[in-house]
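Each chain, letter by letter, is given below.
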Amino acid sequence: METIKNYLESMFRNLPNTSEVIKAKNELFQMMEDKYTELRREGKSENEAVATVISEFGNLDELASSLGIKHVLETEKEQPQRRNLSLDEVKEYLDDLFVSITFKMAGIVCFIICTIPVIFFGDVLPGNHETIGIVMMFILIAMGVAGMIIPRTRMEPWRFLKHEPCSISPATTDYVSSEKKKFTKTYTILNVLGIVFCVCSVIPAVIFDDFASEVNDSWGGILFFASVAAGVGCFVYCNWRYRAYQRLLNTNSETSIGGTYTKSGDKEPFYNNKTMRAIMSVYWPTVTCIYLAYSFLTFKWWISWIIWPIAGVVNKLIINLNSED
């Protein structure tokens, strides 16, 4: 019967989530269940019974009139057809996405820690090694840029997800929901660690400043950037991965039957205004450029990090204003 249920879900997946469609779906399921039970009592094997049921009741166009939803099907045919993502496609997409998220996280961390070599070789290590520090800084910046570019290439085959209407089956939804549930504990731990690292990032600077006469206080700056990088890395990885699961679960339209087995959650914001869409598509890269430009021009790294929480608040405000329009 599980095969029949899944087949029924696929038949009704993209139909409107209305009372008449739900009624028709329940009626058809009862007809399929009765026929399956009858065939099993006659001694048919499970595979034979399932095949017979699907062959008799598997064409919704032929049953639409008797179920009272012929007009619904005719209207639906005029709408863009949703591309169904198979379970294998979803698994491959998640694999590519998680690798891309890891590269992006590493890129952001490289941007944050790029000044550590300058501080270490310039202020901590005895001797004149500033050149090595500068070279390593630019290497880290190059690695950060690579961390932002590589994911674009890897995710290129999946660009259709942003432009084509898609859907996933109940079985695929269950798989994604299960993976999301498994990740929930890790998500919570990484979020807590991110908060701890960011909040405690100023502690080394304060401690080493008090013992400046005994220990080089530049270690405080090094540990500050390392702590911030660790915190931001935790936030980026856990939140982007969690949103990946949620994005898939929101693939099915809320107005369709398929949406009834899609778990609710935050959706990727869609901006009705074309100008706003263009601006928000480069929002975070622009914030990154502002952060790096201000930091390198002023060398006030202990202040420039505040750009990130401010940018986050502004982003959330724009999303909320967009949802009210």
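None of these values were measured; they are calculated from a predicted model.

1. Description of the overall build of the chain
Consideration 1: A count of helical and extended segments in the chain gives 16 helices and two strands.
Consideration 2: By the burial criterion, 38% of the 325 residues in the chain qualify as buried.
Consideration 3: Considering only residue pairs separated by 6 or more positions, the chain has 73% of its internal contacts joining residues 24 or more positions apart.
Consideration 4: Counting only carbon and sulfur atoms, one obtains 61% of the accessible surface of the chain, whose full area is about 18,700 Å².

2. Concerning the environment of Met136
Consideration 1: Among the secondary structure elements, Met136 is positioned in helix α8 (residues 130-154).
Consideration 2: Here the alpha-carbon distance between Met136 and Ile116, two residues 20 residues apart in the chain, equals 9.1 Å.
Consideration 3: Ignoring anything within four residues of it in the chain, the contact list for Met136 reads Pro117 and Phe121.

3. A closer look at helix α1 (residues 2-12)
Consideration 1: Residues of α1 that are buried: Ile4, Leu8, Glu9, Met11 and Phe12. For α1, the arc enclosing every buried residue in end-on projection is 160 degrees, short of the 170-degree limit, so these residues lie on one face.
Consideration 2: Packed against the buried residues of α1 are α2 (19-41), α3 (46-57), α4 (60-67) and α10 (170-199).

4. Some thoughts on the packing of α1 against α3
Consideration 1: Two elements in contact, α1 and α3, have axes separated by 10 Å at closest approach and are oriented at 20 degrees. One element, α1, and the other, α3, form an angle in the roughly parallel class. Classified by chirality, the crossing of α3 by α1 is right-handed. In this structure, α1 contributes Thr3, Ile4, Tyr7 and Met11 to the contact, and α3 contributes Val50, Val53, Ile54 and Phe57.
Consideration 2: Class assignment of the residues belonging to the contact of α1 with α3 gives a composition of seven nonpolar, one polar and no charged.

5. Concerning the pattern of salt bridges
Consideration 1: Tallied over the full model, the rule gives five salt bridges.
Consideration 2: The partner of Arg83 in a salt bridge is Glu89, with the nearest N and O atoms 3.6 Å apart.
Consideration 3: By relative accessible area, which is 22% here, Glu89 ends up partly exposed.
Consideration 4: Residue Glu156 pairs with Arg159 through a salt bridge whose shortest N-O separation is 3.6 Å.

6. Here's the deal with the packing of α1 against α2
Consideration 1: Two elements in contact, α1 and α2, have axes separated by 11 Å at closest approach and are oriented at 150 degrees. On the basis of the axis angle, α1 is roughly antiparallel to α2. Once α1 is placed against α2, the crossing between them reads as right-handed. Of the residues in α2, those touching α1 at Ile4, Lys5, Leu8, Glu9, Met11 and Phe12 are Val21, Ala24, Lys25, Leu28, Phe29, Met32 and Tyr36.
Consideration 2: Classifying every residue of the contact of α1 with α2 by side-chain character gives ten nonpolar, no polar and three charged.

7. Points about a nonpolar patch on the surface
Consideration 1: Taken together, Tyr294, Ile303, Ile306, Ile310 and Val314 make up a surface patch of nonpolar side chains, about 390 Å² in accessible area.
Consideration 2: With respect to the helices and strands, the residue Ile303 is situated in helix α15 (residues 301-304).
Consideration 3: For Ile303, a relative accessible area of 38% translates into the label partly exposed.

8. Describing the environment of Phe103
Consideration 1: Structurally, the position occupied by Phe103 is in helix α6 (residues 87-113).
Consideration 2: Of the residues examined, Phe103 reaches a relative accessible area of 34% and is grouped as partly exposed.
Consideration 3: Along the primary structure Phe103 and Gly147 are separated by 44 residues, whereas in three dimensions their C-alpha atoms are 4.7 Å apart.
Consideration 4: Apart from residues no more than four positions distant in its own chain, Phe103 is found in contact with Gly147, Ile150 and Pro151.

9. Some points on the packing of aromatic side chains
Consideration 1: Scanning the model with the defined rule gives nine aromatic pairs in all.
Consideration 2: Measuring from ring centre to ring centre gives 5.4 Å for Tyr93 and Trp158, while their planes differ by 70 degrees; the resulting arrangement is edge-to-face. With Tyr93 in helix α6 and Trp158 in the loop between α8 and α9 (160-163), this pair connects stretches of sequence that are 65 residues apart.
Consideration 3: When the centroid spacing of 6.1 Å and the interplanar angle of 40 degrees are considered together, the rings of Trp158 and Phe160 count as tilted.

10. Some details on the side chain of Lys180
Consideration 1: Structurally, Lys180 can be placed in helix α10.
Consideration 2: Side-chain polar atoms of Lys180 contact the side chain of Gln246, separated by 2.5 Å.
Consideration 3: Non-local contacts of Lys180, meaning those with residues more than four positions away in its chain, are made with Tyr242, Tyr245, Gln246 and Leu249.

Conventions and cut-offs
- Residues numbered from 1 in each chain as written.
- Predicted model: local features only at pLDDT ≥ 70, side-chain atom pairs only at ≥ 80, totals over all residues.
- Heavy atoms only, no water.
- Helix = DSSP H or I, 4+ residues; strand = E, 2+ residues; numbered from the N terminus.
- Buried < 20%, exposed > 50% of the residue type's maximum accessible area, 1.4 Å probe, protein only.
- Contact = heavy atoms within 4.5 Å.
- Areas by Shrake-Rupley, 256 points an atom, 1.4 Å probe, with all protein chains shown as cover.
- Arc of directions from axis to C-beta.
- Axes fitted to C-alpha atoms, helices over the stretch in contact; angles between N-to-C directions.
- Parallel < 35°, antiparallel > 145°, perpendicular 65-115°, else oblique.
- Left-handed = near helix turned anticlockwise from the far one by under 90°.
- Nonpolar A, V, L, I, M, F, W, Y, C, P; charged D, E, K, R; others polar.
- Salt bridge = Lys/Arg side-chain N within 4 Å of Asp/Glu carboxyl O.
- Patch = residues over 30% accessible without salt bridge, like charges linked within 9 Å, V, L, I, M, F, W, Y side chains within 5 Å.
- Phe/Tyr/Trp six-rings, centres within 6.5 Å; stacked < 30°, edge-to-face > 60°.
- Polar contact = N/O pair within 3.5 Å; in protein donor to acceptor, adjacent residues only side chain to side chain.

Honestly, it's all geometry; don't read function into it.
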